[in-house]
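Given next are the chains, with one letter for each unit.
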Amino acid sequence: MWELLTLLMLTLAYFFWPKGKPTGAKYPNSLPALPLVGSLPFLPRHGHPHVNFFKLQRKYGPIYSLRMGSKTTVIVGEHQLAREVLIKKGKDFAGRPEVVTLGILSDNQKGIAFADHGALWQLHRKLVQAAFALFKDGSQRLEKMICQEISLLSDFLATKNGQSVDLSLPVFLAVTNIICFICFNFAYKYEDPELKIIQNYNNGILDMLGKNTIVDIFPGLKVFPNKTLEKLRNCVKMRNELLSEILGKYKENFSSDSITTLLDILIQAQMNSENNDVDPDQDLKLLSDEHILITIGDIFGAGVETTSSVVQWIVAFLLHYPQLKKKIQDEIDQHIGFSRTPTLRDRSHLLLLEATIREALRIRPVAPMLIPHKAVVDSSIGGYAIDKGTNIIINLWALHHNEEEWDQPDKFMPERFLDPTGSHLISPSLSYFPFGAGPRTCVGEMLARKELFLFMAWLLQRFDFEVPDDGHMPSLEGVPNVVFLIEHFKVKIKVREAWREAQAEGSTYN
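Residues numbered from 1 in each chain as written. Predicted model: local features only at pLDDT ≥ 70, side-chain atom pairs only at ≥ 80, totals over all residues. Heavy atoms only, no water.

Focus on helix α13 (residues 305-320)
Inference 1: Taking 1.5 Å of rise per residue, 16 residues should cover 22 Å, and α13 covers 23 Å from first to last C-alpha, within 8% of that figure.
Inference 2: For α13, the tally of buried residues reaches 15 of 16 residues, placing the bulk of the element in the interior. (Helix = DSSP H or I, 4+ residues; strand = E, 2+ residues; numbered from the N terminus. Expected span 1.5 Å × (residues − 1). Buried < 20%, exposed > 50% of the residue type's maximum accessible area, 1.4 Å probe, protein only.)

Structure (structure tokens):
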């Protein structure tokens, strides 16, 4: 009996003990690691992971490694090193790790967000980029759609005048409809049951991904019953069923003469691959309905919760900094007034608002630790050897809170993005990657920046956001997840008197 147990332990130690490194290679400093569990016993158990990893830099430097189970992960927390990973050697580190929970979400690494580097990812990313090109700056179609949804949101908030409301649901619905327009060229009404389904599965997916399930570190445990994985599978199933129904109906009315949405582009590519006599199987394998569904799901996942979360972060910071809110509104009043609504052309005039958006993306980045990368070849970072298959985490929080790069980094200071006269936007540091960079940069950056500007410009033109009567201020601590969420809070909505008077005058003259 004891002999068998000893043999088993020796066998496990052989397979899970860190293998020797090539002679002469220089590797990043490493946290201590034990067989089987890796560095887990040596990691802080409380607090936000991105903050804890930032603190570990004081001991181990701006690049260091640790072992999560048997897998080596390198943490990068300095902008020059991050630039090397994301841009200079972007192709070397363009892979994605295979993770159990994300594998469920992506149907084994389909789509673009969690797909590994290869023909599948390259094709779908290219098609998504082509879809966003339909809405490039020269086209006003997207701006009109965004403004239409913000107008509906504003009308809803006007009915809550004097009341304290949670903005999370109405903003979520507005942003969801914008993504629906890009993907399908239609929008839901707020009472449509499908919107509730989207909200339910979206919240469920975020909740389950935030559980930090141990199965992602020890994938062998997925054979055992796991409530988190089961709930995640149910949410993904709910998502896929809804998108499958939309895809089926969409195909019935599809016309190659009218390519106006992401789904049009994906279906057209699928049809072209079916008619391809040169290599009929290659692209077809990468453009099945299942692949299309996951890519659409990625756009929803990346495009909805991110923007709606940042809008809420900005409102929360403005509640903490009411004088800043007043200055932005003065800027809006001066350059736009109340006779018309804001447009994207106003970005060049509303500099303080634009600086506030940039500061919000710095101090509370959408993804404090960018989605992990993976080395697809043997490479190096900052002169340190990085073996093929190593996971790389860019700690964006560390980049955005480095005291050597940012003056008082923990303080909300939009003016840091303005020149001393306040008349020009500036880039105060190279240590700023709110949407990532390189081959894996966020494909929806253009859309997100437009949405954030228009949402905030419209809302601040019409409304005053005030602390609720109970005096409860929103927490700025945040909830770390795939997206850095803000805890639910309420804000008192008040229609601005100047806006009300301008509308009354306008209706008098009409």
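Some thoughts on the sheet that holds strand β4 (residues 164-166)
Inference 1: In space, the three strands of this open sheet follow the order β4-β10-β9, with antiparallel pairing throughout. The two strands at the open ends of the sheet, each matched to only one other strand, are β4 and β9 (463-466). Adjacent strand axes in the sheet meet at a mean angle of 45° when their direction is disregarded.
Inference 2: Packed on one face of the sheet, helix α17 (residues 445-462) meets β9 and β10 (490-495) and runs near 90° to β9. (Pairing = 2+ DSSP bridges. Axes fitted to C-alpha atoms, helices over the stretch in contact; angles between N-to-C directions. Contact = heavy atoms within 4.5 Å.)

Observations concerning the pairing of strand β8 (residues 391-394)
Inference 1: The alternating pattern of β8 places N391 and I393 on one face and I392 and I394 on the opposite face, and all of these are buried.
Inference 2: As paired elements, strand β3 (residues 71-76) and β8 share four bridges and run parallel to each other. Looking across to β8, one finds that T73 is bridged to N391.
Inference 3: Sheet topology note: the strand β5 (residues 373-374)/β8 ladder contains two bridges and is antiparallel. Paired with H373 across the two strands is I392, which belongs to β8.

Some details on the packing of helix α5 (residues 119-133) against helix α10 (residues 262-274)
Inference 1: Interaxial distance between α5 and α10 falls to 8 Å at its minimum, and their mutual angle equals 135°. The pairing of α5 with α10 is recorded here as oblique in orientation. Crossing of α5 over α10 shows right-handed handedness. Residue-level inspection shows H124, L127, V128, A130 and A131 of α5 in contact with α10, the latter providing L262, I265, L266 and A269.
Inference 2: Looking at the contact of α5 with α10 residue by residue, the classes come out as eight nonpolar, one polar and no charged. (Parallel < 35°, antiparallel > 145°, perpendicular 65-115°, else oblique. Left-handed = near helix turned anticlockwise from the far one by under 90°. Nonpolar A, V, L, I, M, F, W, Y, C, P; charged D, E, K, R; others polar.)

Some points on the pairing of β3
Inference 1: Buried residues dominate β3, accounting for five of its six residues.
Inference 2: The pairing of strand β2 (residues 63-68) with β3 spans six bridges and is classified as antiparallel. Within β3, the residue paired with R67 across the bridge is T72.
Inference 3: Between β2 and β3, which pair antiparallel one after the other, the connecting turn spans two residues, and G69 there sits at a positive phi close to 70°.

Notes on the packing of helix α14 (residues 322-335) against helix α15 (residues 351-363)
Inference 1: Interhelical geometry of α14 versus α15 gives an angle of 140° and a closest axis separation of 8 Å. In terms of orientation, α14 and α15 fall into the oblique class. Together, L324, K327, I328 and E331 of α14 and L351, L352, L353 and T356 of α15 make up the contact between the two elements.
Inference 2: Residues of the contact of α14 with α15, tallied by class, amount to five nonpolar, one polar and two charged.

With respect to the nonpolar core
Inference 1: Counting residues in each nonpolar core, the largest one holds 126 residues, and the members touching the most others are F184, I296, L353, F455, F465 and V491.
Inference 2: Ranked by residues supplied to this core, first place goes to helix α7 (residues 168-184) with 12 residues.
Inference 3: Beyond its immediate stretch of four places on either side in the chain, V491 contacts Q163, S164, V165, L167, V315, L319, F465, E466 and P468.
Inference 4: Listed in part, the 19 residues of the second largest apolar core include L81, A82, I381 and L399. (Core = buried A, V, L, I, M, F, W, Y, C linked by side-chain atoms within 4.5 Å.)

Things to note about the side chain of N391
Inference 1: Checked against the element boundaries, N391 lands in strand β8.
Inference 2: Not counting residues up to four positions away in its chain, the partners in contact with N391 are K71, T72, T73, V74, P97, H373 and K374.

A word on unusual backbone geometry
Inference 1: With a phi angle near 65°, Q109 is a residue other than glycine that sits in the positive phi range.
Inference 2: Residue placement: Q109 occurs in the loop between α4 (100-105) and α5.
Inference 3: A residue is classified by how much of its surface remains accessible, and Q109, at 16% relative accessible area, is buried.
Inference 4: Unlike most non-glycine residues, N185 shows phi in positive territory, near 65°.
Inference 5: Tracing the sequence through the fold places N185 in the loop between α7 and α8 (193-209).
Inference 6: Taking the relative accessible area as the measure of exposure, N185 reaches 39% and is therefore partly exposed.

Overview of the environment of L31
Inference 1: Summarising the element assignment, L31 is placed in the loop between β1 (29-30) and α2 (49-60).
Inference 2: In contact with L31, other than residues within four places in its own chain, are S39, F42, L43, L56, Y60, Y64, S65 and L66.

Here's the deal with the pattern of salt bridges
Inference 1: Tallying each qualifying case throughout the model produces 19 salt bridges.
Inference 2: Notably, a salt bridge pairs K89 with E84, separated by 3.0 Å at the nearest N-O pair. This pair shows no difference in class: K89 is buried, exactly as E84 is.
Inference 3: The closest approach of N and O atoms between R496 and D333, which form a salt bridge, is 2.7 Å. With R496 in the loop between β10 and α18 (497-509) and D333 in helix α14, the pair connects residues that are 163 residues apart, well separated along the chain.
Inference 4: Here D333 falls in the partly exposed class, since its relative accessible area comes to 25%.
Inference 5: Residues participating in the shared-partner salt-bridge network are R347, E354 and R358. (Salt bridge = Lys/Arg side-chain N within 4 Å of Asp/Glu carboxyl O.)

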